[in-house]
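# Coordinates in review
The residues making up each chain are set out below.
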Amino acid sequence: MALTYLTWHQRLQLNPALADLNDWPVVVVDALPPRQQQAFRRNFRMVGAVLRGQALQEVALEATVTPARVTQILNRCLGGPAESEPALTYGLVPYNTQRQRERKAPLPQVGRRHAAGSACAFRRLLREAPGLADGLDAMVRAKLADSPYSQRIAPRDLHGEFKRLLAEARWPRDRYPYTNDDLAYESVRRYGQRLVLRVQAERHQRGTPAGRGTQKGGAGRVFERIQIDEHRLDVENRLHLEVDGLRHPVRLKRASILVAVDCFSDCVLGWQIALTAAPNQDDMLLLVANCLTRRTLLPLTAPGLSYLPGAGFPVMEAPGLVSMGIVEMDNAWLHVADTLATALCDQWGSTFHQSVSGNPLGRALVESVFGYIATHCTHRFAATSGTGPQDARREGARNRAKPPTCSLRTLEEALEVLLSEYNVTPKADRLGLSPLELVRLACEQQCLCYRSEAERTAWQPFKYRQQLRIHRPADCHHQAYVNFEYTKYTNRTLLDAVTDTHLYVHYDRRDIRTLEAYTLQGRPLGTLYASPAWYRFQHGIMLRRRVFRWVRREGKRVRDPLSAYFRALLAGGDDPAKALELLRVAHEIAPGQTVVLPAEDSPGVARPAPTASQTGLRARYAALIHGGTSHDDTN
């Protein structure tokens, strides 16, 4: 039965819905070779103009091609057999084969020459040789499944299995591939490469939930799937420490960046810099807070930096940001922390999806954002570390002898400009829409569950509650106390009035100098205060834990571990790693605050924080903190 071929115009008459380009499949333009990307965009513009009703001759004139060329591209997209589906967007890809070539002539045979030669002979051999294709497929699948009886899938080993399968099938020795000197070695090698890619794609799809949305243009809703990951920045920075009126430039080790990306719109929801090589759960909570609470763009101080009109992040303009649906992360320890699960799952109604270990392709979208940051930002600085030890872009030995010219503040501003600009950059694979525009359209057209202003205001990811035991020493001269994070908290008047053995405390993870006490029935009692050594500076849970780990590691018995930790950091200020930790500590400590602490013998009386008049390096560091610890200038 002869096939009926349709032109593009006849196809539109039979199915007028194909005139809407929004219903065509999406092709990832960035995956095409650079030479084909420009031709694909030109073809897309021409086909879109014709389908919108513009005259074919006018379209050809604007694109500087002939009308016949425009007709040819339209037929590639919409023409073809009536019994098969049209190629649509795939017909716009230059040099893309619409139909797989098949060999009609018989296979080459010894003593019989054919004009077709060996063209498409291997493809026909796979169809005619019994068990050949299944055997090669089984070999590849066994190796990718890590079977203990699998073979390597190197080209030589695959060709050996190919010859064994031919002998097992009793293939005639006078027919192809025995007519070739290399026994189709090159064909087997190329077939093996395509087979490995196809099997890996099938395995990835089976291990991925339906509607994952990691591919651009996938169906779904905005904020339905969010990818979060962290990456160490490929650049080192500079910090100026001011001690006794002298400014000392110090090199900082590479910091880390945490990014959250929406899979539906490819929009960056938020980012956060962590001044460490290993971010913790508090850094992740800061990222979540940046994504879900209103904020403004960073003020720019570096010369030459400016924001594009309309640049920003979804949280800056969403009427009431919807909750994150499924949050996709790897299985790092900070991603399985109870604090993160409480903030997102319990309080915000999200669901965690943690991919298989060592499989970054499961979060290809957020990994592509890290590549975008490296290409357009971090790899452009002279102090870049490149992608590896052999990268030619790495900083030279002469420059490494002195601090970099880029400060941390400049890097933060550059990242803010870069990622906000990324959100308003039109993308060809998004039909010319920017990620932020796609988010706006989705919020207008999709049925989403918004959070009320009261819910968003009441959401406090750093506020937690914990039940503690009240310790009552037998000696009446000692006060009752509670233990929290290696430290005693007390308030004589408060604890002596409590008859229960336990109580609840409410605290902020970023500042644990005080605890708000409540009875087991929920009645407020008052404030519990840490010991004076821990009350001097504002600090969070993670800083206190780091200090106690340092004390245990160094084997020191000190009355003031916080001061000893500061002194060790200052002593090693020239070490980039210690300088980065010093800056991290300085960011956690609030400068210029008046500390309120009850006297030991009179609860409720305020006393000021220690001043810089105290002698020793501890007093110098206290003055440093309260007088402006770090000067992260842009000069």
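Residues numbered from 1 in each chain as written. Predicted model: local features only at pLDDT ≥ 70, side-chain atom pairs only at ≥ 80, totals over all residues. Heavy atoms only, no water.

## Describing the state of the cysteines
A complete count under the given rule lists zero disulfides for this structure. Sulfur of Cys443: no disulfide; nearest cysteine sulfur belongs to Cys267 and is 9.9 Å away. (Disulfide = S-S within 2.5 Å.)

## A word on the sheet that holds strand 13 (residues 502-508)
Read around the closed barrel, six strands run 10-11-12-15-14-13, paired in antiparallel fashion. For this sheet, the mean angle separating the axes of adjacent strands, direction not counted, is 40 degrees. For strand 11 (residues 481-484) and strand 12 (residues 487-490), the ladder comprises three bridges, and the chain directions are antiparallel. Across the sheet, the residue bridging to Asn483 is Lys488, located in strand 12. Each of strand 11, strand 12, strand 13, strand 14 (511-518) and strand 15 (524-530) touches helix 18 (residues 541-554); the most contacted strand, strand 12, lies at about 135 degrees to it. (Pairing = 2+ DSSP bridges. Helix = DSSP H or I, 4+ residues; strand = E, 2+ residues; numbered from the N terminus. Axes fitted to C-alpha atoms, helices over the stretch in contact; angles between N-to-C directions. Contact = heavy atoms within 4.5 Å.)

## Examining the sheet that holds strand 6 (residues 256-262)
Reading across the sheet, the five strands line up as 7-6-3-8-9 and stay open at both edges, with mixed pairing between neighbours. Where the open sheet ends on each side, the last strands, each with one partner, are strand 7 (267-274) and strand 9 (351-354). Adjacent strand axes in the sheet meet at a mean angle of 20 degrees when their direction is disregarded. The pairing of strand 8 (residues 326-329) with strand 9 spans four bridges and is classified as parallel. The residue of strand 9 that forms the bridge with Ile326 is Thr351. The strands touched by helix 9 (residues 281-292) are strand 3 (225-232), strand 6 and strand 7; relative to strand 7, the strand with the most contacts, the crossing angle is about 145 degrees. Packing against the sheet, helix 11 (residues 364-376) makes contact with strand 3, strand 6 and strand 7, and its axis sits at approximately 130 degrees to strand 6.

## A short note on the pattern of salt bridges
With the rule as written, the count across this model stands at 14 salt bridges. Two residues, Glu168 and Arg164, come together in a salt bridge whose shortest N-O distance is 3.2 Å. Of this pair, Glu168 and Arg164 are both found in helix 7 (residues 155-168), four residues apart, which corresponds to roughly one turn of the helix. Judged by its relative accessible area of 56%, Glu168 is exposed. Of the residues examined, Arg164 reaches a relative accessible area of 40% and is grouped as partly exposed. Here Arg509 makes a salt bridge to Asp282, at a shortest N to O gap of 2.8 Å. Of this pair, Arg509 sits in the loop between strand 13 and strand 14 while Asp282 sits in helix 9, and the two are 227 residues apart along the sequence. Asp282 shares its class with Arg509; the two are buried. (Salt bridge = Lys/Arg side-chain N within 4 Å of Asp/Glu carboxyl O. Buried < 20%, exposed > 50% of the residue type's maximum accessible area, 1.4 Å probe, protein only.)

## A short note on the side chain of Thr378
You can see Thr378 is positioned in the loop between helix 11 and helix 12 (397-400). In contact with Thr378, not counting residues within four places along its chain, are Leu233, Asp234, Val235, Ile373 and Thr384.

## Some words on the packing of helix 2 (residues 34-51) against helix 4 (residues 67-78)
If you want to describe how two helices pack, look at the angle between their axes and the distance between the axes. Between helix 2 and helix 4, the shortest axis-to-axis distance is 10 Å and the interhelical angle comes to 85 degrees. One finds that helix 2 runs roughly perpendicular with respect to helix 4. For the pair helix 2 and helix 4, the contacting residues are Arg42, Asn43, Met46, Val47, Val50 and Leu51 in the first and Arg69, Val70, Ile73, Leu74, Cys77 and Leu78 in the second. Tallied by class, the residues present in the contact of helix 2 with helix 4 amount to nine nonpolar, one polar and two charged. (Parallel < 35°, antiparallel > 145°, perpendicular 65-115°, else oblique. Nonpolar A, V, L, I, M, F, W, Y, C, P; charged D, E, K, R; others polar.)

## Focus on the packing of aromatic side chains
Summed over all chains, the structure comprises 10 aromatic pairs. Following the ring pairs from residue to residue traces out a cluster consisting of Tyr464, Phe484, Tyr489 and Tyr507. Between Lys427 and the ring centre of Tyr422, over which it is positioned, the NZ or CZ distance is 4.2 Å. In this arrangement the basic side chain of Arg509 is found over the ring face of Tyr464, its NZ or CZ atom lying 5.9 Å from the centre. (Phe/Tyr/Trp six-rings, centres within 6.5 Å; stacked < 30°, edge-to-face > 60°. Lys NZ or Arg CZ within 6 Å of the ring centre and 35° of its normal.)

## Focus on the pairing of strand 14
With four bridges connecting them, strand 13 and strand 14 associate as antiparallel partners. Paired with Val505 across the two strands is Ala517, which belongs to strand 14. Taking the residues between adjacent antiparallel strands as the criterion, strand 13 and strand 14 are bridged by two residues. With five bridges joining them, strand 14 and strand 15 adopt antiparallel strand pairing.

## Remarks on helix 11
The end-to-end C-alpha separation of helix 11 is 18 Å, in line with the 18 Å expected for 13 residues at 1.5 Å each. Every buried residue belonging to helix 11 is among Leu365, Val366, Val369, Phe370, Tyr372, Ile373 and Ala374, and all of these are buried. Buried residues along helix 11 sit against strand 3, strand 6, strand 7 and helix 13 (408-423). (Expected span 1.5 Å × (residues − 1).)

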